[in-house]
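# Examining the three-dimensional arrangement
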Amino acid sequence: MTRSREWLLLNAVESWLHHYSSPNTPTVEQYKQLRDEFHDAYMATLHKDAEEPTPSAPKSPRKRTTNASQSSAKTV
């Protein structure tokens, strides 16, 4: 499965916060703001994808077939 750019950014920021947020520093606050921004962007892409249906491949036309009982030539 291919992940979106927004998901990857959000995941990276959340991972950083998970591992390095113990001392509350200005950098941690910046990462929390980034997390909120990326979360909003990611959620917006989910809603956009739900609204836009994926285009389906055009169906090929069905081939006509004839049965022996339906043909005009009769054998005796």
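Everything below is about the structure shown above.
Below: a short report on this structure. (Residues numbered from 1 in each chain as written. Predicted model: local features only at pLDDT ≥ 70, side-chain atom pairs only at ≥ 80, totals over all residues. Heavy atoms only, no water.)

## Notes on the packing of aromatic side chains
Put simply, the rule is: Note on ring pairs: Phe, Tyr and Trp rings are taken, using the six-membered ring of Trp, and paired if centres are within 6.5 Å. Classes follow the plane angle, with under 30 degrees stacked, over 60 edge-to-face and the rest tilted. Helix numbers and strand numbers start at the N terminus; a helix is a DSSP run of H or I with at least 4 residues, a strand a run of E with at least 2. Exposure categories follow from relative accessible area, calculated using a 1.4 Å probe and restricted to protein chains: below 20% of the type maximum is buried, above 50% is exposed, and the middle band is partly exposed. Any Lys NZ or Arg CZ found within 6 Å of a ring centre and within 35 degrees of that ring's normal is scored as a charge over the ring.
The tally for this structure, following the rule as stated, stands at two aromatic pairs. Their ring planes at 45 degrees and their centres at 5.5 Å tell us that Trp16 and Tyr20 sit as a pair that is tilted. In this pair, Trp16 and Tyr20 both sit in helix α1 (residues 5-20), four residues apart, roughly one turn of the helix. According to the relative accessible area criterion, Trp16 is partly exposed, its value standing at 22%. You can call Tyr20 exposed: its relative accessible area is 54%. On the numbers, 3.8 Å between centres and 10 degrees between planes, the contact of Trp16 with Tyr31 is stacked. Of this pair, Trp16 sits in helix α1 while Tyr31 sits in helix α2 (residues 26-51); the two residues are 15 residues apart in sequence, bridging distant segments of the chain. Through a chain of ring-to-ring contacts, three or more aromatic side chains come together here, namely Trp16, Tyr20 and Tyr31. The cationic tip of Arg3 hangs over the ring face of Trp7; the distance from NZ or CZ to the ring centre is 4.3 Å.

## What about α2?
Residues separated by three or four positions in an α-helix point in the same direction, a consequence of the helix having 3.6 residues per turn. Selection criterion: In this scheme, a helix's expected span is set at 1.5 Å multiplied by one less than its residue total.
Under the 1.5 Å per step criterion, the end-to-end length of α2 is 38 Å for 26 residues, consistent within 8% with the ideal 38 Å. Among the residues of α2, Val28, Tyr42 and Thr45 are the ones counted as buried.

## Brief notes about the packing of α1 against α2
Helix packing for two helices is described by the angle between their axes and how far apart those axes are. Quick note on the threshold: In this analysis, axes come from line fits to C-alpha atoms, helices being fitted only over the stretch in contact, and the angle between any two N-to-C directions falls in the range 0 to 180 degrees. Small angles under 35 degrees read as roughly parallel and large ones over 145 as roughly antiparallel, with 65 to 115 read as roughly perpendicular and the rest as oblique. Here is the rule for handedness: rotate from the far helix to the near one, and if that takes an anticlockwise turn smaller than a right angle the crossing is left-handed, while a clockwise turn gives right-handed. Contacts: residue pairs with any heavy atoms within 4.5 Å of one another. Here the nonpolar group is Ala, Val, Leu, Ile, Met, Phe, Trp, Tyr, Cys and Pro; Asp, Glu, Lys and Arg are the charged ones; every other residue, Gly included, is treated as polar.
Packing of α1 against α2 leaves a shortest axis separation of 9 Å and a crossing angle of 150 degrees. With respect to their mutual orientation, α1 and α2 come out roughly antiparallel. Our pair here, α1 against α2, has a crossing hand that is left-handed. Of the residues in α2, those in contact with Glu6, Trp7, Leu9, Leu10, Val13, Glu14, Trp16, Leu17 and Tyr20 of α1 are Thr27, Val28, Tyr31, Lys32, Leu34, Arg35, Phe38, His39, Ala41, Tyr42 and Thr45. Considered class by class, the residues forming the contact of α1 with α2 number 13 nonpolar, three polar and four charged.

## Some points on α1
We apply this condition: It is the directions from the helix axis to the C-beta atoms that the arc portrays.
For α1, with 16 residues, the first-to-last C-alpha span of 23 Å sits near the 22 Å given by 1.5 Å per residue. Leu10, Val13 and Leu17 are the residues of α1 that are buried. Looking straight down α1, one finds its buried side chains confined to an arc of 70 degrees; they lie on one side. Counted as exposed and oriented over 90 degrees from the buried face of α1: Arg5, His18, His19 and Tyr20. On its buried face, α1 sits against α2.

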